[in-house]
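Here is how the chains run, residue by residue.
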Amino acid sequence: MNTIGQDMRDALQSLTEIGRVTKVNGQVDVNFELAAVLAQCPGRSAVIFENIKDHTVKAVGNLVDRENFARACGIENTLEASLNYIKNGIENPLVPVLVENAPCREVIKTENIDILRDLPITTFFEKEAGHYITAGVVVAKDPETGKRNVSMNRLLVLGPDKLMIGMSPSHHLYRLLEKARNLGKTLEVSISIGNHPAVLVAANAYVNLGYDEFEIAGGMFNEPLQLSPGVTVDVEAPKGSEIVIEAEFIPDELHQEGLVSEFHGMYVDYGKSPVLRVKAITHRHNPFYQVILPGRYYEHFLIGAMAIETTSFLKIREAVPSVKEAVITEGGMGRCHLVISLSNPKPGEGQKAAFAAFAHCNLVKQVIVVNDDINVNDPVDVEWAIAARMKAHRDIFMIPGVRADRAEAVVEDGTVTKIGIIALREETALPKAEIPNDVMDKVKSQWDTYQVKL
Ligand SMILES: Cc1cc2nc3c(=O)[nH]c(=O)nc-3n(C[C@H](O)[C@H](O)[C@H](O)COP(=O)(O)O)c2cc1C
Ligand SMILES: [Mn+2]
């Protein structure tokens, strides 16, 4: 049985044990300053802000990187281990359990709510519309089936108890809102802030409507996720969330957002978006407010990347069973570029794998296919495979006019050109020159005896 905890506090505890938590004691302003500190904090440790101007609530940022994820989930820090861990969640989901008197309900506030006063909600980029909640895990229930849906959405503060919620029309939450509107029902949500990295990745899993992403989180933990019932809404939240905002959509109210940053690091104008009325804020004693630095920053990239690479892997495996690993790269904005490795591929399987990836996710527009002697998570190794094995006239193909995600940076009429790069070894390829493996291993095991001074 897995013994790791399900809360952000458990994750922070595991990271503290390996020295991957940085504390910022100096005073920081929620207006751009906290964002600037997160953007420039060296290493990829989690950051705790102890002293936020005009606030008593502390903040946590930069929680998730690959090593932090591995440590928080109690797995080895390898791509293979994280793929297996997330894959297990998707393939073996577990139905959540409800717990009463959960930590996230230690303090309940239903009156005199003033979101900006109560929580250290930050501004990030110069031309954005205002203060955004960026680590909100949004839970809603399908008004027809009652099935839960979980996603992450940016929330713009519009007033003391009003939030605008960003949601792509292609996402499930949008579809649930449409269903509610057609049925004349009000859609309720819980927005939980301060979650374990596994819960954040599960919320981003690219699965079909009707899948409860909290079941995936349970599958990852190998034990059901514990949820707390809402106080003013019939929607649950992870029991150990630091803060939960309970809200409902205001029927037919839309807000013209203005500019907002996307993962590609540029501003976009998505027009009008739905508005929520806050009914309650509940939290733990001395809660931590979680901040994810959005735009083209690493944590924002990675949470999506880990989810997309795993579901892409599963889809590719249906088409090409010999797929070994899949990674969404940082240079590809954590969304757009996928590198996959195949074990002993048959002719044409590289192309087939790329087609499967393109069909699965609108965001993925470049696929590089390599053999399994290449470390897909090492950009130098991948580029080596391209230099050593790709014949450009034969191995690059383009498919123009494919349906794109709304966030695509070079979108044309809702479409984008997909590119496949097949960098697979030919049977006639020159053999790789290698130092004997047994000697490499021996030297590694007795490294200290060489008295190497760095
Ligand atoms: C930090 C972060 C912020 C996000 N913000 C939004 C957002 O504002 N709007 C949106 O449509 N998707 C956003 N996403 C992506 C969705 O959470 C993700 O695509 C999810 O799988 C959608 O789930 P659904 O289809 O079940 O609604 C964000 C992802 C991350 C990691
Ligand atoms: Mn969903």
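## Observations regarding the overall build of the chain
Argument step 1. For the chain, the helix and strand inventory stands at 13 helices and 23 strands.
Argument step 2. Taken over the C-alpha trace, the chain has a radius of gyration of 23 Å; the compact-globule value for 454 residues is 22 Å, and the two agree within 12%.
Argument step 3. For the chain, the spread of C-alpha atoms along the principal axes amounts to about 75 × 55 × 45 Å.
Argument step 4. Expressed as a percentage of its 454 residues, the buried residues of the chain come to 54%.
Argument step 5. Just so you have it, the chain exposes about 20,500 Å², and 50% of that area is on carbon and sulfur atoms.

## Observations concerning the pattern of salt bridges
Argument step 1. Scanning the entire structure with this criterion turns up 36 salt bridges.
Argument step 2. Of the charged contacts, one joins Glu 67 and Arg 20 as a salt bridge, the two residues approaching to 3.5 Å between their closest N and O atoms. Here the residue Glu 67 occupies a position in helix H3 (residues 66-73), and Arg 20 occupies one in the loop between helix H1 (8-17) and strand E1 (21-24), the gap between them amounting to 47 residues.
Argument step 3. Glu 67 gets classed as partly exposed once you look at its relative accessible area, which sits at 33%.
Argument step 4. Among the ionic pairs, Asp 234 bridges to Lys 141, the shortest N-O distance being 3.4 Å. Of the two residues, Asp 234 sits in the loop between strand E12 (226-228) and strand E13 (237-238) while Lys 141 sits in strand E7 (residues 137-141), which places them 93 residues apart along the sequence.
Argument step 5. Under the relative-accessibility criterion, Asp 234 is labelled exposed at 54%.
Argument step 6. A network of salt bridges, in which partner residues are shared, links Lys 141, Arg 148, Asp 212, Asp 234 and Glu 236.

## Brief notes about the site of ligand 1
Argument step 1. Taken together, 20 residues are adjacent to ligand 1, and Met 152, Arg 154, Ser 168, His 171 and His 172 come closest.
Argument step 2. Measuring from an oxygen atom of ligand 1, one finds a side-chain N or O atom of His 171 at 2.8 Å.
Argument step 3. Protein burial of ligand 1: of its 640 Å² of free accessible surface, 89% is covered by the chains.
Argument step 4. Counting residues per element, the ones that place at least two in the shell around ligand 1 are strand E8 (148-152), helix H6 (172-183) and helix H9 (298-319).
Argument step 5. A per-class count over the shell around ligand 1 returns eight nonpolar, ten polar and two charged.

## With respect to helix H11 (residues 379-389)
An α-helical turn contains 3.6 residues, so any two residues separated by three or four positions project in the same direction.
Argument step 1. Every buried residue of H11 is listed here: Val 382, Ala 385 and Arg 389. With its buried residues spanning 60° around the axis, H11 presents them on a single face. Relative to its buried face, H11 has exposed residues pointing more than 90 degrees away, namely Pro 379, Val 380, Glu 383 and Ala 387.
Argument step 2. Residues of H11 that are buried make contact with strand E20 (337-342), strand E21 (366-371), helix H12 (392-395) and strand E23 (415-423).
Argument step 3. Capping the start of H11 is the job of one residue whose side-chain oxygen sits 3.0 Å from the backbone nitrogen of Val 380: Asp 378.

## Digging into the pairing of E1
Argument step 1. Sheet topology places E1 next to strand E2 (residues 46-49); four bridges connect them, and they run parallel. By the bridge assignment for E2, Val 21 is matched with Ala 46.
Argument step 2. After leaving E1, the chain enters helix H2 (residues 33-40) and then returns to the sheet as E2, a path that is right-handed.

## Thoughts on the packing of aromatic side chains
Argument step 1. In total, this model carries five aromatic pairs according to the counting rule given.
Argument step 2. Taking 6.3 Å as the distance between ring centres and 15° as the angle between the ring planes, the aromatic pair formed by Phe 125 and Tyr 297 counts as stacked. Here Tyr 297 lies in the loop between strand E18 (288-291) and H9 and Phe 125 lies in the loop between helix H5 (115-118) and strand E6 (132-133), a separation of 172 residues in the sequence.
Argument step 3. On the basis of relative accessibility, which here comes to 30%, the residue Tyr 297 falls in the partly exposed class.
Argument step 4. These aromatic residues form a ring-pair network of at least three members: Phe 124, Phe 125 and Tyr 297.
Argument step 5. In this structure, Arg 44 is placed above the aromatic ring of Tyr 298, and the distance from its NZ or CZ to the ring centre is 3.4 Å.

## Focus: the sheet that holds E1
Argument step 1. Sheet architecture is open: four strands sit in the order E1-E2-E3-E18, paired in mixed fashion. On the outer flanks of this sheet lie E1 and E18, each paired with one strand and no other. Neighbour to neighbour, the strand axes of the sheet diverge by 25° on average, direction disregarded.
Argument step 2. Pairing analysis gives three bridges linking E2 to strand E3 (residues 58-61), with the strands arranged antiparallel. The residue of E3 that forms the bridge with Phe 49 is Ala 59.
Argument step 3. Contacting E1, E2, E3 and E18, H2 crosses the sheet at an angle of about 150° to E2.

## Let's talk about the packing of H9 against helix H10 (residues 349-360)
Argument step 1. It is at 8 Å that the axes of H9 and H10 come closest, and there the two elements cross at 135°. Comparing the axis directions of H9 and H10 gives the class oblique. In this structure, H9 meets H10 at a crossing whose hand is right-handed. Note on element contacts: H10 touches H9 through Lys 352, Ala 353, Ala 356, Ala 357 and His 360, opposite Thr 311, Ser 312, Lys 315, Ile 316 and Ala 319.
Argument step 2. Residue composition of the contact of H9 with H10, by class: five nonpolar, three polar and two charged.

The rules behind these values
Residues numbered from 1 in each chain as written. Chains lettered and ligands numbered in written order. Predicted model: local features only at pLDDT ≥ 70, side-chain atom pairs only at ≥ 80, totals over all residues. Heavy atoms only, no water. Helix = DSSP H or I, 4+ residues; strand = E, 2+ residues; numbered from the N terminus. Rg over C-alpha atoms; globule rule 2.2 N^0.38 Å. Buried < 20%, exposed > 50% of the residue type's maximum accessible area, 1.4 Å probe, protein only. Areas by Shrake-Rupley, 256 points an atom, 1.4 Å probe, with all protein chains shown as cover. Salt bridge = Lys/Arg side-chain N within 4 Å of Asp/Glu carboxyl O. Near = heavy atom within 4 Å. Polar contact = N/O pair within 3.5 Å; in protein donor to acceptor, adjacent residues only side chain to side chain. Nonpolar A, V, L, I, M, F, W, Y, C, P; charged D, E, K, R; others polar. Arc of directions from axis to C-beta. Contact = heavy atoms within 4.5 Å. Pairing = 2+ DSSP bridges. Right-handed = clockwise from strand over helix to strand, strands pointing away. Phe/Tyr/Trp six-rings, centres within 6.5 Å; stacked < 30°, edge-to-face > 60°. Lys NZ or Arg CZ within 6 Å of the ring centre and 35° of its normal. Axes fitted to C-alpha atoms, helices over the stretch in contact; angles between N-to-C directions. Parallel < 35°, antiparallel > 145°, perpendicular 65-115°, else oblique. Left-handed = near helix turned anticlockwise from the far one by under 90°.

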